[in-house]
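Below are the chains, spelled out letter by letter.
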Number of protein chains: 2
Amino acid sequence: MADQFYTKKEAMLYSQRIAQLSKALWKAVEKDWQSWIKPYDLNINEHHILWISYHLKGATISDIAKFGVMHVSTAFNFSKKLEERGLLSFSKRETDKRNTYVDVTKKGQVLLEEMYENYHETPHAVLEGSLPIKEVYGKFPDFMDVTAVIRNIYGDDFMDIFERSLKNLESTIVAKD
Amino acid sequence: MADQFYTKKEAMLYSQRIAQLSKALWKAVEKDWQSWIKPYDLNINEHHILWISYHLKGATISDIAKFGVMHVSTAFNFSKKLEERGLLSFSKRETDKRNTYVDVTKKGQVLLEEMYENYHETPHAVLEGSLPIKEVYGKFPDFMDVTAVIRNIYGDDFMDIFERSLKNLESTIVAKD
């Protein structure tokens, strides 16, 4: 990277802007997410683990940690809790004895699908806050900047899995209209 | 809002996309923020409270909670700790006996300024991940979508204070070049 094409002050101001915007956005997302999953007695990490396992169809704990952006110990501990509730199952593979694979059980699948069916039963401030943009541009914002920055930080495979899981969601899930 | 201009499924897919992007971005921001402030024995909430008090020049606890996107009790408890460390001072105003006003002390100001001077001593993955965009477009990304959504969620005064604090930072802070 050419070292003279931005000043350190400019970089710091940019970085502070993103930090504040990102915190405000995440806090709104977190609140929406929590109120959606509350009736199902799940926390965000647990729901995120279920979501990843559902879409990856046989993820390892380290896949879950990576795509869920959480510590491996967090991924393991919450996966264990979901297994105890019968929502996930653990297995080893003949070809790979070192890793533990995690799959969503039938019960877990039914729960996730029910949650998507009831998605619009709870408030979604982020969605509401995006509607004026949809009205002006005819589509929801695509967050190109954020997506590009995340691709640079987390890598292409992170984004590939991310896009794959959304495509998968699109083709399998029914939301009550 | 016209109720037929989007399907519920489309809205859910959009909302799930933002949730995941926002989590990944925030986790990267949080990591950068933590490594920057670690040498100063502050957590993110404490640093955020100092930042807001510094820029607002006489904020109430509820201003801090609002602009820092934290609970009032969190804002109060961490402000109290900062006061005990001599970084903030509390006061009442003749014209407004009900609210407690918070100001950054000289010691707090010196600390904040020192932190900005050393901003580039720690890694900033979000900044690094934005440089390729800066290279392509000649400027850092402006996150217009995110800014618009946040304005819709938190209101104009939130964004006004946000922009004001960044302008203030620009005019007062020196970053070593």
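Treat the numbers as computed from the prediction; the structure is a model and nothing was measured. (Residues numbered from 1 in each chain as written. Chains lettered and ligands numbered in written order. Predicted model: local features only at pLDDT ≥ 70, side-chain atom pairs only at ≥ 80, totals over all residues. Heavy atoms only, no water.)

1. Overview of the packing of aromatic side chains
Defined as follows: Centres within 6.5 Å make a pair out of two Phe, Tyr or Trp rings, where for Trp the six-membered ring is used; the pair is then stacked when the planes are under 30 degrees apart, edge-to-face when over 60, and tilted otherwise. To sort residues, take the accessible area from a 1.4 Å probe on protein chains only and compare it with the maximum for the residue type: under 20% means buried, over 50% means exposed, and anything in between is partly exposed. Secondary structure follows DSSP: runs of H or I at least 4 residues long count as helices, runs of E at least 2 residues long count as strands, and numbering of each begins at the N terminus. Look at NZ for Lys and CZ for Arg. If either is within 6 Å of the ring centre and within 35 degrees of the ring normal, a charge sits over the ring.
Applying the stated rule across the entire model yields 18 aromatic pairs over all chains. Between Trp 26 of chain B and Trp 33 of chain B, the ring centres sit 6.3 Å apart and the planes meet at 80 degrees, which makes this aromatic pair edge-to-face. Exposure remark for Trp 33 of chain B: the relative accessible area of 5% places this residue in the buried category. A ring pair is formed by Phe 76 of chain B and Phe 90 of chain B, whose centres lie 6.5 Å apart and whose planes are at 45 degrees; its orientation type is tilted. Of the two residues, Phe 76 of chain B is situated in helix H4 (residues 72-84) and Phe 90 of chain B in strand E2 (residues 88-93); the sequence distance between them amounts to 14 residues. Look at Phe 76 of chain B and you get partly exposed, because its relative accessible area is 37%. Through pairs of rings, three or more aromatic residues link up here, namely Tyr 6 and Tyr 14 of chain A together with Phe 140 and Phe 143 of chain B. We note Lys 134 of chain A situated over the ring of Phe 140 of chain A; from NZ or CZ to the ring centre the distance is 5.3 Å. When the ring centre of Tyr 101 of chain B is taken as origin, the NZ or CZ atom of Arg 93 of chain B, which lies over that ring, is 3.8 Å away.

2. A look at the side chain of Ser 165 of chain B
Cut-off, in case you're wondering: Residue contacts are defined here by distance: any two heavy atoms, one from each residue, within 4.5 Å place the two residues in contact.
Along the chain, the position of Ser 165 of chain B falls in helix H8 (residues 156-172). If we ignore the near neighbours within four places in the chain, the residues touching Ser 165 of chain B are Trp 51 and His 55 of chain B.

3. A word on the UniProt feature "domain: HTH marR-type" (unreviewed entry) in chain A
Operational definition: UniProt positions are given in the numbering used here, feature names are shortened, and annotations may be inferred rather than shown by experiment.
Within the UniProt annotation, "domain: HTH marR-type" (unreviewed entry) is assigned to residues 11-155 of chain A. Between the C-alpha atoms that bound residues 11-155 of chain A there is a distance of 22 Å. The span itself is 66% helix and 12% strand.

4. Brief notes about the relation of the copies chain B and chain A
Selection rule: Copy-to-copy alignment: least squares on C-alpha atoms, limited to residues at pLDDT 70 or above in both.
It takes a turn of 180 degrees to lay chain B on chain A, together with a shift of 0.0 Å along the axis; the resulting RMSD is 0.0 Å. The transformation relating the two chain copies, once decomposed into turn and shift, fits a two-fold axis.

5. Some words on helix H2 (residues 44-56) of chain A
All names here are of chain A. The test is simple: Take the number of residues in a helix, subtract one, and multiply by 1.5 Å to get its expected span. For the purposes of these results, a polar contact is taken to be a pair of N or O atoms within 3.5 Å, where, inside protein, one atom must be able to donate a hydrogen and its partner to accept one; residues adjacent in sequence count only when each atom of the pair is a side-chain atom.
Compared with the 18 Å implied by 1.5 Å per residue over 13 residues, the 18 Å span of H2 between its first and last C-alpha is a close match. When you tally the buried positions in H2, you get 12 out of 13 residues, the bulk of the element. When we look at burial in H2, the residues that qualify are Ile 44, Glu 46, His 47, His 48, Ile 49, Leu 50, Trp 51, Ile 52, Ser 53, Tyr 54, His 55 and Leu 56. Where H2 begins, the capping side chain belongs to Asn 43, and its oxygen is found 3.1 Å from the backbone nitrogen of Asn 45. Of the residues trailing H2, Lys 57 is marked for its positive phi of about 50 degrees.

6. Describing the packing of helix H8 (residues 156-172) of chain A against helix H1 (residues 8-37) of chain B
Here is the rule: Inter-axis angles, ranging from 0 to 180 degrees, are taken between N-to-C directions of lines fitted to C-alpha atoms, where helices are fitted over the stretch in contact. For this classification, under 35 degrees means roughly parallel, over 145 means roughly antiparallel, 65 to 115 means roughly perpendicular, and everything else is oblique. The hand of a helix crossing depends on one turn: near helix anticlockwise from the far one by less than a right angle means left-handed, and clockwise means right-handed.
Where H8 of chain A meets H1 of chain B, the axes come as close as 10 Å, and the angle between the chain directions of the two elements is 160 degrees. Classified by the angle their axes make, H8 of chain A and H1 of chain B are roughly antiparallel. Crossing of H8 of chain A over H1 of chain B shows right-handed handedness. Only Lys 9, Met 12, Leu 13, Gln 16, Arg 17, Gln 20, Leu 21 and Ala 24 of chain B of H1 of chain B make contact with H8 of chain A, whose side of the interface consists of Phe 158, Met 159, Phe 162, Glu 163, Leu 166, Leu 169 and Glu 170 of chain A.

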